[in-house]
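Read off the chains here:
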Amino acid sequence: MNTKKPNKLKILNDPIYGFIQIPNTLIFDIIEHPYFQRLRRITQMGFSNLVYPGANHTRFHHAIGCIHLMQKAVRVLRLKQVAISNEEENALYVAILLHDIGHGAFSHALEHSIVNGISHEEISLKFMKKLNAEFNGQLDLAIEIFEGNNPRKFLYQLISSQLDIDRLDYLKRDSFYTGVTEGNISSDRLIAMMNVKNDELVIEEKGIYSVEKFLIARRLMYWQVYLHKTGLVAENMLVNVLKRAKELADEGVALYASSSLNYFLYNPISEDNFNDKTLEMFAALDDYDVLSAIKEWSNHKDKVLSLLSKMIINRKLLRIEIQEKEFKDSYINNRIKDVSKKIALSEKEAQFFVFSKKIKNHAYQQDKPIFILNKEGDLKDIAKASDQLNIQALTNPVIKHFICYPKSILN
């Protein structure tokens, strides 16, 4: 009896782009792999849904959207006589599909709390190398491009640059799910204007206004969404919950946690000891592990852990003040002393509830320029090619400082 082979050239229905075609069987098999399926359980925007209730989309959504845009980019560049081999095409699909596979639960929270000294990009590379071994070296070229080691620079720029496929999807996607229309860029128009000159990814001159809109949209999305004050508070509170749990675990205090979260709480994890076992435990860790733990920790006997956990679960967040100047040490210390006295905590413990940090919005970095290709075949940095003064202004990073503390201190 003949066994019917499964159809691996599936079509997925995406709310942003409509039907998305899986280009080949290798991509299908990677998507089906447990490492990639985990991205269904990692939110794209962390706790932004506490501000924008619709922002519940996942890293899985984003990765699928990226591969769709990459297929468009390859078609456009080939039409413009840019030579891209079948092997390079496939490598681009694999690299963009896996570019975010190293993100931990709630995206960046783990990097600043229980996993130290190793970035999500480095973990992504570890996942890619492990998958490469499973797929008998079929990811060799994708890894070379992802690491920036391929001589054809534009291939890497499609994966990682100031106008890469990653940004073209997440701005449009995050705009859609949050309802913040300022981020709704024309990714189709930007891709249609792509070209390659001297192995550099460039935008043709008639696409200059689309690039301007893209840069302004990115700046606005950072202030309105990614650096929204409530989102900042929630993310930093999550980091502090995990830091406190890690402290207690180091002291031998028993904590409820799934086996994967337990591994990261009770073992010191760094780049030096991030081995195959650690990678497997990381692959089993997602938002559900962290949320279920926080729900249980809200009843823990440790006051710091239980209070922070309850505040997150019930959305009773800290107050935040944002200003351009750095907060004075005396102001911060007075807040810490107030919390220490009113909540009956040590001043060290009170620092989980009172903290000051800074945020930066750098919409355009001139050290990695977006080049505009004019009709004469010359390249010009968008900041100089644009007749909009605000594009030049976007080259300057804007830094702001914030302090968080319990609202009840003022009541």
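Up top you'll find the structure we're talking about.
Residues numbered from 1 in each chain as written. Predicted model: local features only at pLDDT ≥ 70, side-chain atom pairs only at ≥ 80, totals over all residues. Heavy atoms only, no water.

## Things to note about a positive patch on the surface
Part 1 of the reasoning: Together, Lys229, Arg315, Lys316 and Lys407 line one region of the surface with positive charge.
Part 2 of the reasoning: Secondary-structure assignment places Arg315 in the loop between helix 15 (303-313) and strand 5 (319-323). (Patch = residues over 30% accessible without salt bridge, like charges linked within 9 Å, V, L, I, M, F, W, Y side chains within 5 Å. Areas by Shrake-Rupley, 256 points an atom, 1.4 Å probe, with all protein chains shown as cover. Salt bridge = Lys/Arg side-chain N within 4 Å of Asp/Glu carboxyl O. Lys, Arg positive; Asp, Glu negative; His and termini not counted. Charge placed at Lys NZ, Arg CZ, Asp CG, Glu CD. Helix = DSSP H or I, 4+ residues; strand = E, 2+ residues; numbered from the N terminus.)

## Remarks on the packing of aromatic side chains
Part 1 of the reasoning: On inspection of all chains with the given rule, the structure shows eleven aromatic pairs.
Part 2 of the reasoning: Ring geometry for Tyr222 versus Tyr226: centroids 4.9 Å apart, planes at 65°, classification edge-to-face. Taken together, the residues Tyr222 and Tyr226, both in helix 10 (residues 208-226) and four residues apart, mark about one turn of the helix.
Part 3 of the reasoning: Of the residues examined, Tyr226 reaches a relative accessible area of 21% and is grouped as partly exposed.
Part 4 of the reasoning: Aromatic ring contacts, followed pair by pair, group Tyr35, Phe127, Tyr263, Phe264, Phe274 and Phe282 into a single cluster.
Part 5 of the reasoning: Between the NZ or CZ atom of Arg335 and the centre of the ring of Tyr405, over which it lies, the distance is 4.1 Å.
Part 6 of the reasoning: Geometry around Phe355 places Lys357 over its ring, the cationic atom sitting 5.8 Å from the centre. (Phe/Tyr/Trp six-rings, centres within 6.5 Å; stacked < 30°, edge-to-face > 60°. Buried < 20%, exposed > 50% of the residue type's maximum accessible area, 1.4 Å probe, protein only. Lys NZ or Arg CZ within 6 Å of the ring centre and 35° of its normal.)

## Here we look at empty space enclosed by the protein
Part 1 of the reasoning: For the coordinates displayed, the defined rule picks out one cavity of 30 Å³ or more.
Part 2 of the reasoning: By volume, the largest cavity amounts to about 40 Å³.
Part 3 of the reasoning: Surrounding the largest cavity, Gly102, Gly104, Ser107, Leu110, Glu111, Val115, Ile118, His120, Ile123 and Phe282 form its lining. (1 Å grid on protein atoms, 1.4 Å probe; cavity = no way out; pocket = protein on both sides within 12 Å on 5 of 7 lines; lining within 4 Å. Points joined across faces, edges and corners; volume = space filled by probe spheres on them.)

## Things to note about the packing of helix 8 (residues 165-178) against helix 10
Part 1 of the reasoning: Following both chains from N to C, one finds helix 8 and helix 10 inclined at 50°, their axes separated by 11 Å at the closest point. The orientation of helix 8 with respect to helix 10, classified from their angle, is oblique. Where helix 8 crosses over helix 10, the two elements pack in a sense that is left-handed. Side by side, helix 8 and helix 10 meet where Arg167, Leu168, Tyr170, Leu171, Asp174, Ser175 and Thr178 of the first sit next to Phe214, Arg218, Met221, Tyr222, Val225 and Tyr226 of the second.
Part 2 of the reasoning: Here the contact of helix 8 with helix 10 is composed, by residue class, of eight nonpolar, two polar and three charged. (Axes fitted to C-alpha atoms, helices over the stretch in contact; angles between N-to-C directions. Parallel < 35°, antiparallel > 145°, perpendicular 65-115°, else oblique. Left-handed = near helix turned anticlockwise from the far one by under 90°. Contact = heavy atoms within 4.5 Å. Nonpolar A, V, L, I, M, F, W, Y, C, P; charged D, E, K, R; others polar.)

## Examining the sheet that holds strand 5
Part 1 of the reasoning: The strand order 5-9-6 describes an open sheet built from three strands, whose pairing is antiparallel. In this open sheet, the two strands that pair with only one neighbour each are strand 5 and strand 6 (355-361). In this sheet, adjacent strand axes meet at a mean angle of 25° when their direction is disregarded.
Part 2 of the reasoning: As paired elements, strand 5 and strand 9 (residues 398-405) share five bridges and run antiparallel to each other. Paired with Gln323 across the bridge in strand 9 is His401. (Pairing = 2+ DSSP bridges.)

## So, helix 13 (residues 276-283)
Part 1 of the reasoning: Along helix 13, the positions that sit buried rather than exposed are Thr278, Leu279, Met281, Phe282 and Ala283.
Part 2 of the reasoning: For helix 13, the side-chain oxygen to backbone nitrogen distance between the N-cap and Lys277 is 3.2 Å, and the N-cap itself is Asn275. (Polar contact = N/O pair within 3.5 Å; in protein donor to acceptor, adjacent residues only side chain to side chain.)

## A look at the sheet that holds strand 7 (residues 371-373)
Part 1 of the reasoning: The mixed open sheet is built from four strands, whose spatial order is 3-4-7-8. The sheet terminates laterally at strand 3 (194-197) and strand 8 (379-381), the two strands that pair on one side only. Taking each pair of neighbouring strands and ignoring which way they run, the sheet shows an average axis angle of 50°.
Part 2 of the reasoning: Bridge count between strand 7 and strand 8: three bridges; the pairing is antiparallel. The residue bridging Ile372 from the neighbouring strand is Lys380, located in strand 8.

## Notes on the layout of surface pockets
Part 1 of the reasoning: Its volume calculated, the second largest pocket comes out at about 250 Å³.
Part 2 of the reasoning: As for the second largest pocket, its lining consists of 17 residues, of which Thr43, Phe47, Asn49, Phe106 and Leu291 are closest to the centre.
Part 3 of the reasoning: Breaking the lining of the second largest pocket down by element, the ones donating at least two residues are helix 14 (287-297) and helix 15.
Part 4 of the reasoning: For the lining of the second largest pocket, the residue count by class is eight nonpolar, five polar and four charged.

## What to know about the environment of Ser113
Part 1 of the reasoning: Looking at the element boundaries, Ser113 is found in the loop between helix 4 (86-97) and helix 5 (120-134).
Part 2 of the reasoning: With 125 residues separating them in the primary sequence, Ser113 and Leu238 have C-alpha atoms 9.0 Å apart.
Part 3 of the reasoning: Beyond its immediate stretch of four places on either side in the chain, Ser113 contacts Val239, Leu242 and Lys243.

## Some thoughts on the pattern of salt bridges
Opposite charge on two side chains allows them to pair when their charged atoms are near.
Part 1 of the reasoning: Under the counting rule described, the total for this entry stands at 14 salt bridges.
Part 2 of the reasoning: As a salt-bridge pair, Arg78 and Glu89 come within 3.1 Å of each other at their nearest N and O atoms. Remark: Glu89 occurs in helix 4 and Arg78 occurs in helix 3 (residues 59-79); sequence separation between them is eleven residues.
Part 3 of the reasoning: Accessibility expressed as a relative area gives 17% for Glu89, which makes it buried.
Part 4 of the reasoning: One network of salt bridges, in which partners are shared, links Arg244, Glu247, Asp302 and Glu349.

## Comments concerning helix 16 (residues 329-342)
Part 1 of the reasoning: Spanning 14 residues, helix 16 covers 20 Å between terminal C-alpha atoms, matching the ideal 20 Å at 1.5 Å per step.
Part 2 of the reasoning: Residues Ile332, Arg335, Ile336, Val339 and Ser340 constitute the buried set of helix 16. When helix 16 is viewed along its axis, its buried side chains cluster within an angular range of 135° and face the same direction. Turned more than 90 degrees away from the buried face of helix 16 sit Lys341 and Lys342, all of them exposed.
Part 3 of the reasoning: Ala344, located one to two residues past helix 16, shows a positive phi value of around 60°. (Expected span 1.5 Å × (residues − 1). Arc of directions from axis to C-beta.)

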